[in-house]
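Below, each chain spelled out in residue letters.
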Amino acid sequence: MTFQKRLLRELDRLLPGGQWRVVQERPWFSLTFSGVQMTFATTSGCTCVAQKAAAVLEAHEFTLPGQIVADIAVEEADGQLRVLLLVLEG
């Protein structure tokens with residue numbers, strides 16, 4: 001199973017109630033690390049969802065063989081909840 005599919009499953013388990021999908025994926029590089037920036041989205045009908053999602057994801061330890069989730073951001077826009085992840089190659 002790819003790490004993208006694992007992330008989709010974990011998001012669905014941690015933040016149920018919508019259908020998660022990858023809306024953007026792009027390579028990311030620095031002088032010392034490489035990885036991918038990924039944006040996942042789902043529809044949201046509640047204005048408090050972003051705060052709840054941020055609290056849940058902040059406390060969660062992602063386990064992805066060979067990958068490290070280095071940064072997480074949560075935002076709401078156009079009625080969608082978006083989760084932006086920076087996943088580094090471990």
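Residues numbered from 1 in each chain as written. Predicted model: local features only at pLDDT ≥ 70, side-chain atom pairs only at ≥ 80, totals over all residues. Heavy atoms only, no water.

### Observations regarding the pairing of strand S1 (residues 21-29)
Phase 1 of the analysis: Relative to strand S2 (residues 34-43), S1 runs antiparallel, the two sharing eight bridges. Note on S2: the bridge partner recorded for Trp 28 is Gly 35.
Phase 2 of the analysis: Between S1 and S2, which pair antiparallel in sequence order, lie four residues. (Pairing = 2+ DSSP bridges. Helix = DSSP H or I, 4+ residues; strand = E, 2+ residues; numbered from the N terminus.)

### Brief notes about the layout of surface pockets
Phase 1 of the analysis: Each pocket or cavity is described by its volume, and for the second largest pocket that value is around 150 Å³.
Phase 2 of the analysis: Every residue lining the second largest pocket is listed: Gln 24, Arg 26, Gln 37, Met 38, Thr 39, Asp 71, Ile 72, Ala 73, Leu 84, Leu 85 and Leu 86.
Phase 3 of the analysis: Looking at the lining of the second largest pocket, the elements that each hand over two or more residues are S1, S2, strand S3 (67-77) and strand S4 (80-89).
Phase 4 of the analysis: When the residues that make up the lining of the second largest pocket are grouped by side-chain class, the tally is six nonpolar, three polar and two charged. (1 Å grid on protein atoms, 1.4 Å probe; cavity = no way out; pocket = protein on both sides within 12 Å on 5 of 7 lines; lining within 4 Å. Points joined across faces, edges and corners; volume = space filled by probe spheres on them. Nonpolar A, V, L, I, M, F, W, Y, C, P; charged D, E, K, R; others polar.)

### Topic: the sheet that holds S4
Phase 1 of the analysis: Strand order in this open sheet of four strands is S1-S2-S4-S3, and the pairing throughout is antiparallel. A strand with exactly one partner marks an edge of an open sheet, and here the two such strands are S1 and S3. This sheet shows a mean twist of 15° between the axes of neighbouring strands, independent of strand direction.
Phase 2 of the analysis: In this sheet, S4 lies alongside S2 in antiparallel orientation, the contact comprising nine bridges. (Axes fitted to C-alpha atoms, helices over the stretch in contact; angles between N-to-C directions.)

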